[in-house]
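Below, each chain spelled out in residue letters.
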Amino acid sequence: MAKSPRKLSLVKLKKKWRAEPTSKELPFIDDMPLIFLGEIPNMPEHGVFAGHRSGRIYSGFHIFQFAELSKNEV
């Protein structure tokens, strides 16, 4: 399995998932980048994210769909 983002890191949706037609319907798609707050303990592999600009909380999304921003992207 791919490496999970570090807690409190800025993340983006991976290219593979951004290319999906349904990604435009995701509630956070216009609120990127997100801050990865951590994994939900009783929902393994699902995380809690916050919009970097809005502060809005998004939960229950698969962690493996996200990648940390590179230093150049920050």
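Residues numbered from 1 in each chain as written. Predicted model: local features only at pLDDT ≥ 70, side-chain atom pairs only at ≥ 80, totals over all residues. Heavy atoms only, no water.

Asker: How should the nonpolar core be read in this particular structure?
Answerer: The nonpolar side chains of soluble globular proteins are, as a tendency, buried together. With 11 residues, the main nonpolar core is built from Val11, Leu13, Phe28, Met32, Leu34, Phe36, Phe49, Tyr58, Phe61, Ile63 and Phe66. Taken together, the elements giving at least two residues each to this core come down to strand 1 (10-13), strand 2 (34-39) and strand 4 (57-62). When residues no more than four places from it in sequence are discounted, the contact partners of methionine 32 are Lys12, Leu13 and Arg53. (Core = buried A, V, L, I, M, F, W, Y, C linked by side-chain atoms within 4.5 Å. Buried < 20%, exposed > 50% of the residue type's maximum accessible area, 1.4 Å probe, protein only. Helix = DSSP H or I, 4+ residues; strand = E, 2+ residues; numbered from the N terminus. Contact = heavy atoms within 4.5 Å.)

Asker: Can you help me understand the environment of phenylalanine 49 in this one?
Answerer: On the secondary structure map, phenylalanine 49 appears in strand 3 (residues 46-51). Using a relative accessible area of 1% as the deciding quantity, one classes phenylalanine 49 as buried.

Asker: Explain a nonpolar patch on the surface to me, please; I cannot follow it from the model alone.
Answerer: Judged by side-chain polarity, Leu8, Leu37 and Ile57 come together as a nonpolar surface patch covering roughly 290 Å² of accessible area. Looking at where leucine 37 falls in the secondary structure, it is placed in strand 2. Leucine 37 sits in the partly exposed class, given a relative accessible area of 31%. (Patch = residues over 30% accessible without salt bridge, like charges linked within 9 Å, V, L, I, M, F, W, Y side chains within 5 Å. Areas by Shrake-Rupley, 256 points an atom, 1.4 Å probe, with all protein chains shown as cover. Salt bridge = Lys/Arg side-chain N within 4 Å of Asp/Glu carboxyl O.)

Any link to function would need more than the numbers given here.
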